[in-house]
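# Summary of the model geometry
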Amino acid sequence: MGEGLCPRLSSSWKNMEKGLNDAVSKTKVGKYFKLDARKSTFTKELRAGTATFLTMAYIITVNATILADSGGTCSVADCSAPVNQTAGPDCMLKPNEGYQSCLDKTKNDLIAATVLSAMIGSFAMGILANLPFGLAPGMGPNAFVAYNMVGFHGSGPISYKTAMAIVLVEGCAFFIVSALGLREKFARIVPKPIRLSCAAGIGLFIAFVGLQIHQGVGLVGPDQSTLVTVTACSSTNPVTGECISGKMRSPTFWLGSVGLLITCYGLMKEIKGSMIYGILFVTLTSWIRGTAVTYFPQTLLGDNNYKYFKKVVDFHKIQSTAGAISFTSFNTSGAWLAFLTLFYVDMLGTTGILYTMAEIGGFVNEKGSFEGQYMAFLVDAGSTIVGSTLGVTTTATYVESSAGIREGGRTGLTAVTVGLCFLVSLFFTPLLTSVPPWAIGPSLVMVGVMMMKVVKDIDWENIKEAVPAFITMLLMPLTYSIANGIVGGIGMYIALSLYDYIVRLMAWLIKMRGMVVKERNQVSATAGADLAIEVI
């Protein structure tokens, strides 16, 4: 009797799922998102959106932590001062109770701002462009703003409010470029080997992130002689990440490895939601206190994180970062240089990512364009404008969207699901911010594996295509920059193409010289004939 129960339940569930999918596909929602036309289903889009969100969820705390390092809107006025004394400027760089309290509030504001910008951007991408791409504040621009522009705790040349003004202006300029169709033309002129290698390069980049200690399983770390090396140590330097002792003895690394195996086995057996199961297993295990793999160790920081985690539900209102924009110090050389840098990264990096996601999803046609492309570019640019008004940096399409595409996401319902997950996360921030990096790392590695498949489409026998493609893939993880990889690949492609241009130019010059000589001979012959007639 028990043996026949599971098959009957499975068959019943499949029938219910099929009925639900058929019903939704016939509704206005199903027709608007073209579920049948793109050979997808409602439940498949939900799974894809959930997978994309879970691989993106790390950005909620990572982005807030990075931007909070700039100090945000906190200043000397927030510092606690001794009795009958005034706080000095160095109070922002030293432990100070008042300044730290301001930083904690700012970080909570930035968490809410990150979630809201990701939610709005993902909703817009799904509804307006009907594409399965999730959006959120991008890695790279946030570090540039925090550490190069504003500086650690405001020690840089540009204030936080001015930095947000620069991001706003850059977003507006990028939106205009997208609206005029220049961004689309730029994407089309990028050589095919560069476009293909972008996918593989981004895959290597995101896998490299997943292998590091701060956002991944911690397998690789810094080394003074070789720059990077195998770590996974039981004890590491919290500042540099270098191994102190116990190489390959990190309990969290081995737990993350189990999560990777769960994901791999699930994908091997074509089990839907395999990435979700791997992340959930590692996360739930890490929530158990008193173990070697706990995310809440018996320390002051661990106790504070666990105290916040137990709240489960928490809604935070943005107080300091929303509308924190100032143009008073905008017209300086440093501000304009920062603007050009962000615009350059946006033009190359985010355009490359968006186009790569379209390539992976199979949306790109023979002409090099894809359905919903124009609106996708506008949404991608417009989301930066929204994000800057909330207090975060460039909001763009995420490479983690490939996780949802791998789960079968083909319509905007995937992006809408991502937006809904971010909406829910506004109320469950304590839980979502407690997902450990070693739970996210394995999924990032698997994303890298999936994105490598486009390498087979590169003509490796053609050196003119192979070298630029290889340079593109190599520079992205090694320079920790997607934009650098694209620039390097395009530069090499142009350099190798100069030979063809020079040969064509020489052929043209030789041809023109022949025509000139021929014309000169004809003129000489005509002049000789006229002279002979005159003599006669």
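From a predicted model like this one, the values you see are computed outputs, not experimental measurements. Residue numbers restart at each chain and count upward from 1, following the sequence in its written direction. Confidence filtering applies because this is a predicted model: local features only for residues at pLDDT of at least 70, side-chain atom pairs given and counted only at 80 or more, and all residues used for totals across whole chains, interfaces and linings. Based on all heavy atoms of the structure, the side-chain values leave hydrogens and waters out of the count.

## Some details on the side chain of Ser197
With respect to the helices and strands, Ser197 occurs in helix H9 (residues 192–211). Take Ser197: its relative accessible area is 0%, and that puts it in the buried class. Under this definition, polar contacts are N or O atom pairs within 3.5 Å; protein pairs additionally need one hydrogen-donor-capable and one acceptor-capable atom, and for neighbouring residues in sequence, both atoms have to be side-chain atoms. For Ser197, the side chain forms a polar contact with the main-chain oxygen of Pro193, separated by 2.8 Å. Should any heavy atoms of two residues lie within 4.5 Å, those residues are counted as being in contact. The contact partners of Ser197, leaving out residues within four places of it in the chain, are Ile458, Ala469, Thr472 and Met473. The way it works is that DSSP assigns letters per residue, a run of H or I at least four long becomes a helix, a run of E at least two long becomes a strand, and they are numbered from the N terminus. Burial status follows relative accessibility: with a 1.4 Å probe on protein chains alone, a residue under 20% of its type maximum counts as buried, one over 50% as exposed, and anything between as partly exposed.

## What about unusual backbone geometry?
In the Ramachandran plot, Lys39 falls in the positive-phi region, its phi being about 55° despite a non-glycine side chain. Structurally, the position occupied by Lys39 is in the loop between helix H2 (28–32) and helix H3 (42–56). Its identity is not glycine, yet His153 carries a phi of approximately 55°, on the positive side. Here His153 lies in the loop between helix H6 (141–149) and helix H7 (160–179).

## Thoughts on helix H11 (residues 274–286)
The span one expects for a helix is its residue count, reduced by one, times 1.5 Å. In this model H11 runs 19 Å from its N-terminal to its C-terminal C-alpha over 13 residues, within 8% of the 18 Å that 1.5 Å per residue would give. When H11 is considered as a whole, its buried residues turn out to be Ser274, Met275, Ile276, Gly278, Ile279, Val282, Thr283 and Ser286. Packed against the buried residues of H11 are H3, helix H10 (251–268), helix H15 (401–406) and helix H18 (437–451).

## Thoughts on the UniProt feature "transmembrane region" (unreviewed entry) in the protein
UniProt records the feature "transmembrane region" (unreviewed entry) at residues 110–131, 158–182, 194–213, 251–268, 275–296, 336–357, 412–432 and 492–510, using the numbering of this structure. Segment residues 158–182 splits into 84% helix and 0% strand. End C-alpha atoms: 30 Å apart. Between the C-alpha atoms that bound residues 412–432 there is a distance of 24 Å. The span itself is 86% helix and 0% strand. UniProt positions are given in the numbering used here, feature names are shortened, and annotations may be inferred rather than shown by experiment.

## Some remarks on the pattern of salt bridges
Put simply, a salt bridge is a Lys or Arg side-chain nitrogen that is within 4 Å of an Asp or Glu carboxyl oxygen. Within this structure, the stated rule accounts for 6 salt bridges. With a shortest N-O distance of 2.4 Å, Glu371 and Lys34 are connected by a salt bridge. Note that Glu371 is positioned in the loop between helix H13 (333–361) and helix H14 (373–390) and Lys34 in the loop between H2 and H3, a separation of 337 residues in sequence. Notably, a salt bridge pairs Arg289 with Asp303, separated by 2.8 Å at the nearest N-O pair. In this pair, Arg289 sits in the loop between H11 and helix H12 (300–309) while Asp303 sits in helix H12, placing the two residues 14 residues apart along the sequence. Each of Lys34, Arg38 and Glu371 takes part in salt bridges that share partners, so that together they form one network.

## Overview of the packing of aromatic side chains
Here a Phe, Tyr or Trp ring, Trp counted by its six-membered ring, pairs with any other such ring whose centre lies within 6.5 Å, and the pair is stacked when the planes are under 30 degrees apart, edge-to-face when over 60, and tilted otherwise. Per the counting criterion, the structure on display carries 16 aromatic pairs. Geometrically, the ring pair formed by Phe339 and Phe343 is stacked, given 6.1 Å between the ring centres and 25° between the ring planes. Residue Phe339 and its partner Phe343 are located together in helix H13, separated by 4 residues, close to a single helical turn. For Phe339, a relative accessible area of 11% translates into the label buried. Taken together through their ring pairs, the aromatic side chains of Phe174, Phe327, Phe330, Trp336, Phe339 and Phe343 make up a single cluster. Between Arg289 and the ring centre of Tyr306, over which it is positioned, the NZ or CZ distance is 4.4 Å. In our convention, an over-ring charge means Lys NZ or Arg CZ found within 6 Å of a ring centre and within 35 degrees of that ring's normal.

## A few points about the state of the cysteines
For this text, the term disulfide refers to a pair of cysteine sulfurs within 2.5 Å. Per the stated rule, a full pass over the model turns up 2 disulfides. Disulfide pairing places Cys233 opposite Cys243 at an S-S distance of 2.0 Å. Judged by the torsion about the S-S bond (-115°), the Cys233/Cys243 disulfide is left-handed. Taken together, the residues span a long stretch of sequence, with Cys233 in the loop between strand S3 (227–230) and strand S4 (235–236) and Cys243 in strand S5 (residues 243–245) at a distance of 10 residues. Residue Cys243 is classed as partly exposed on the basis of its relative accessible area of 30%.

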